Amino acid sequence: MNSQASNKPRISVLSPVYGCRPCLVKLVEQVRETLDGAGLTWELILVDDRGPDEPWELICELSRADPRVRGIRLARNHGQHLAIWAGLEATRGEWAAVLDCDLQDEPTVIPRLLEMAEEDDVDAVIVDRGTWTDSAFRRLASKLFYRAVRVIGGMRLENIGNFGLYSRRMVEVLLRFGEQEVFLPMMVGLTGLKTCKFRCDRAERVAGSTAYSLLA
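Calculation criteria
- Residues numbered from 1 in each chain as written.
- Predicted model: local features only at pLDDT ≥ 70, side-chain atom pairs only at ≥ 80, totals over all residues.
- Heavy atoms only, no water.
- Axes fitted to C-alpha atoms, helices over the stretch in contact; angles between N-to-C directions.
- Helix = DSSP H or I, 4+ residues; strand = E, 2+ residues; numbered from the N terminus.
- Parallel < 35°, antiparallel > 145°, perpendicular 65-115°, else oblique.
- Left-handed = near helix turned anticlockwise from the far one by under 90°.
- Contact = heavy atoms within 4.5 Å.
- Nonpolar A, V, L, I, M, F, W, Y, C, P; charged D, E, K, R; others polar.
- Disulfide = S-S within 2.5 Å.
- Buried < 20%, exposed > 50% of the residue type's maximum accessible area, 1.4 Å probe, protein only.
- Salt bridge = Lys/Arg side-chain N within 4 Å of Asp/Glu carboxyl O.
- Arc of directions from axis to C-beta.
- Polar contact = N/O pair within 3.5 Å; in protein donor to acceptor, adjacent residues only side chain to side chain.
- Pairing = 2+ DSSP bridges.

**Q** For this particular structure, what's the right way to read the packing of helix H1 (residues 24-37) against helix H2 (residues 56-65)?
**A** The geometry of a pair of packed helices is captured by two quantities: the angle between their axes and the separation between those axes. For the pair H1 and H2, interaxial distance at closest approach is 10 Å and the crossing angle is 30°. Comparing the axis directions of H1 and H2 gives the class roughly parallel. Here H1 and H2 pass one another in a crossing that is right-handed. Contacts from Leu 24, Val 25 and Val 28 of H1 reach H2 at Leu 58, Ile 59 and Leu 62. For the contact of H1 with H2, a count of residues per class yields six nonpolar, no polar and no charged.

**Q** For this particular structure, what's the right way to read the state of the cysteines?
**A** Linking two cysteines covalently via their sulfur atoms produces the bond known as a disulfide. Counted under the stated rule, the structure contains one disulfide. The disulfide partner of Cys 20 is Cys 101, and the gap between their sulfur atoms is 1.7 Å. Given an S-S torsion of about -100°, the disulfide between Cys 20 and Cys 101 has left-handed geometry. Residue Cys 20 is found in the loop between strand E1 (11-17) and H1, and its partner Cys 101 is found in the loop between strand E4 (95-98) and helix H4 (110-120); the two are separated by 81 residues along the sequence. A residue is classified by how much of its surface remains accessible, and Cys 20, at 3% relative accessible area, is buried.

**Q** What is the right way to read H4 from this model?
**A** Along an α-helix, residues three or four positions apart point the same way, because every turn accommodates 3.6 residues. Within H4, the full set of buried residues consists of Ile 110, Pro 111, Leu 113, Leu 114, Met 116 and Ala 117. If you follow the buried residues of H4, they end up packed against E1, H1, E4, strand E5 (124-128), strand E6 (160-167) and strand E7 (195-199). Downstream of H4 by one or two residues, Asp 121 has phi in the positive range, about 55°.

**Q** Help me understand the pattern of salt bridges in this model?
**A** Scanning all chains against the criterion turns up 12 salt bridges. Across the pair Glu 115 and Arg 112 runs a salt bridge whose closest N-O atoms are separated by 3.2 Å. In this pair, Glu 115 and Arg 112 are both assigned in helix H4, three residues apart and thus about one turn of the helix distant. Of the residues examined, Glu 115 reaches a relative accessible area of 41% and is grouped as partly exposed. Residue Arg 112 is classed as partly exposed on the basis of its relative accessible area, which comes to 34%. Beyond isolated ion pairs, a larger network of salt bridges with shared partners links Arg 32, Asp 36, Asp 66 and Arg 68.

**Q** Got a minute to help me understand helix H7 (residues 184-191) in this structure?
**A** Residues of H7 that are buried include every one of Leu 184, Pro 185, Met 187, Val 188 and Thr 191, and no others. The buried residues of H7 occupy an angular sector of 165° when projected down its axis, which confines them to one face. Against helix H3 (80-90), E4, E5, E6, helix H6 (168-174) and E7 lie the buried residues of H7. Note on H7: the residue one or two positions beyond its end, Gly 192, has a positive phi of about 80°.

**Q** Even after reading the chapter, I still don't get the environment of Asn 77, so can you show me in this structure?
**A** For Asn 77, the location among the structural elements is in the loop between strand E3 (69-73) and H3. Taking relative accessible area as the criterion, Asn 77 reaches 36% and is therefore assigned partly exposed. For the pair Asn 77 and Arg 50, spaced 27 residues apart in sequence, the C-alpha separation works out to 5.1 Å. A polar contact is formed between the side chain of Asn 77 and the side chain of Asp 49, at a distance of 3.0 Å.

**Q** Even after reading the chapter, I still don't get the sheet that holds E3, so can you show me in this structure?
**A** Each strand in a sheet pairs with its neighbour through backbone hydrogen bonds, running either in the same direction (parallel) or in the opposite one (antiparallel). In space, the seven strands of this open sheet follow the order E3-E2-E1-E4-E6-E5-E7, with mixed pairing throughout. For this open sheet the edge positions go to E3 and E7, each flanked by a neighbour on one side alone. Sheet twist, expressed as the average angle between the axes of neighbouring strands with direction ignored, equals 25°. The pairing of E1 with strand E2 (residues 42-48) spans seven bridges and is parallel. Note that in E2 the partner of Pro 16 across the bridge is Val 47. Lying over the sheet, H3 contacts E1, E2, E3, E4 and E6, oriented at roughly 150° with respect to E1. Each of E1, E4, E5, E6 and E7 touches H4; the most contacted strand, E7, lies at about 145° to it.

In structure tokens form, the structure reads like this:
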């Protein structure tokens, strides 16, 4: 789907879509209200990762209603991180915000992330997820994974996920990586570009349950 919006919006918001069709209308509403309210030009890229709830028809409807909403449909299910990479390739904004489609990552935070990025002169603001409400098993598995990353790779990635704001320079560097298996927080660390963190507790999931890996 081609958008008639500006070729270079201020913010590209990117969200992989899998198993959260009921959240999409509210996601678009929150992005629109937040970024229009902040006076920011934007686009929202929804990447259909071919979930069982078949969200593509709804994504098309949302795009027809507001051409700033753009859809990408993958040929098959590739998993969250490769879906993010497909979305990054389509972004046109000066900055790219990556968030989950289930609204646990709240779009209302994006203007604050942009303020921090400009104040601190960094190429990414990574969101520390603070307190989050997923199952104890999922939180424990996430902690064990990040501990393994620290031991094996020497990187401290505790309590962070994909949610964050990334500069155009950061996006272009990320897209140069040729790996088939990608994990956004680790790849951001490997770029060597300057980042900072913003702590924000995760909201409760609006609908559905997670269908992605424990690492996301």
